[in-house]
Amino acid sequence: MTNNSQVQGHPASVDAYIRQGWKLVPIPHGTKGPATKGWNLKENSLADAKHLPAGHGIGLAHAYSGTMALDVDQWDRAAEELTKYGVDLQALYSAPDAVTIESGKPGHGKLLYAMPFDVALPSKKLI
């Protein structure tokens, strides 16, 4: 997710993401997710940057983009839990091909991954 000032600073980024095949949804400023009824329908994703409402950021609709995110809210706890399954969180973040989103908050971030064609994973939340 990005805020509108970043999108305004790089207006081609929305269209570049769309050209990549990603489906984007508008995110109202100051919120963590979409709020429009039907936001999760493929046909309601942004067709191009000019359809992004003023003051909105963007979110990635993973189900339609062939992507998934590993969202980390507590780095130490996440690293500990993933180690139990043989996953090295630091190695994932440090990989030369890692695609990350930094939230600006210590211990928080996301890793984005392309999924194999026609594979959709259910959302899992560890508390």
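Refer to the structure above for everything that follows.
Residues numbered from 1 in each chain as written. Predicted model: local features only at pLDDT ≥ 70, side-chain atom pairs only at ≥ 80, totals over all residues. Heavy atoms only, no water.

**Looking at the pattern of salt bridges**
Scanning all chains against the criterion turns up 4 salt bridges. One salt bridge in this structure joins Arg77 and Glu80, with 3.5 Å as the shortest N-O distance. Of the two residues, Arg77 and Glu80 are both situated in helix 4 (residues 75-83); the distance of 3 residues between them amounts to about one turn of the helix. Lys84 serves as the salt-bridge partner of Glu81, at 3.1 Å between the closest nitrogen and oxygen. Within the structure, one salt-bridge network assembled from shared partners comprises Arg77, Glu80, Glu81 and Lys84. (Salt bridge = Lys/Arg side-chain N within 4 Å of Asp/Glu carboxyl O. Helix = DSSP H or I, 4+ residues; strand = E, 2+ residues; numbered from the N terminus.)

**Structural notes on the environment of Lys110**
If you trace the backbone, Lys110 turns up in strand 5 (residues 109-114). You can call Lys110 partly exposed: its relative accessible area is 29%. Sequence separation of Lys110 and Tyr93 is 17 residues, and the distance between their C-alpha atoms is 9.0 Å. (Buried < 20%, exposed > 50% of the residue type's maximum accessible area, 1.4 Å probe, protein only.)

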